[in-house]
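# Residue-level structural notes
What follows is the residue order along each chain.
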Amino acid sequence: MSDPLEISGSLSIPETELHWRFSRSSGPGGQGVNTTDSRVELSFDLAATEALVPPLKDRALERLAPRLVDGVITIAASEFRSQLRNREAARIRLARLLREAVAPPPKRRRPTKPSRGAVERRITAKKHRSDLKRLRRGDF
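Residue numbers here run from 1 along each chain, matching the order of that chain's written sequence. Reporting of local features is limited, given that this is a predicted model, to residues whose pLDDT is at least 70; pairs of side-chain atoms are given and counted only at 80 or more, and all residues count toward the totals for whole chains, interfaces and linings. For the side-chain quantities, the full set of heavy atoms in the structure was used; hydrogens and water were omitted.

### As for the pairing of strand β4 (residues 39-45)
Using the following cut-off: Classification of residues uses two cut-offs on accessible area relative to the type maximum, computed with a 1.4 Å probe and protein chains only: under 20% is buried, over 50% is exposed, and between them is partly exposed. Only DSSP runs of H or I covering at least 4 residues are called helices, and only runs of E covering at least 2 are called strands; the numbering of each starts at the N terminus. In this description, strands pair whenever DSSP reports at least two bridges between them.
Across the 7 residues of β4, 5 count as buried, placing the element largely inside the fold. For strand β3 (residues 18-23) and β4, the ladder comprises 6 bridges, and the chain directions are antiparallel. Note that in β4 the partner of S23 across the bridge is R39. Here β4 runs beside strand β5 (residues 72-77); their pairing, made up of 6 bridges, is antiparallel. Note that in β5 the partner of D45 across the bridge is V72.

Structure below.
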């Protein structure tokens, strides 16, 4: 696993900037649960990285601010019994998180108003419906 973490087609993070920690996973797992370090923590120092250009780094720091501790983002994976599968899950989650964080902001909506004809059709339909209900009551 020495290949870089692919964020998008033109953006990747070198493996040297990813820091791994392994520990024992909680929950069921049979005889090997107390002996294998299958839980994975993947840490990435977003504040100190050189892999992202400054505008993207600033955008990611702003969007991920609630999840950062001293500029470092940590992903924990323990859903699989295998350390290798947990490592892959952590890499995938980090890549998805960073991809969403550096994505450009959505295009602003230009507010519009309904046309005069649409407003008239709506009001005519409301009057027609109102007349039908009034005729059913019999108090015309």
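Still to come is the rest of the account.
### Overview of helix α2 (residues 83-102)
How we decide: Helix span, as expected, comes to 1.5 Å for every residue beyond the first. Here, residues are in contact when the closest pair of their heavy atoms is within 4.5 Å.
Helix length check: α2 (20 residues) gives 29 Å between terminal C-alpha atoms against 28 Å at 1.5 Å per residue, within 8%. Of all the residues in α2, the buried ones are N86, R87, A89, A90, R91, L94, A95, L97, L98, A101 and V102. On its buried side, α2 packs onto β1 (5-6), β2 (12-13), β3, β4, α1 (54-63) and β5.

### Thoughts on the side chain of E41
To keep it simple, the criterion reads: Distance and chemistry together define a polar contact, namely a pair of N or O atoms within 3.5 Å, with one atom able to donate a hydrogen and the other to accept it when in protein, and with adjacent residues in sequence counting only for side-chain atoms on both sides.
The topology assignment puts E41 in strand β4. Within polar-contact distance, the side chain of E41 engages the side chain of R39 at 2.7 Å. Discounting chain neighbours no more than four positions away, the residues touching E41 are H19, W20, R21, T74, I75 and A76.

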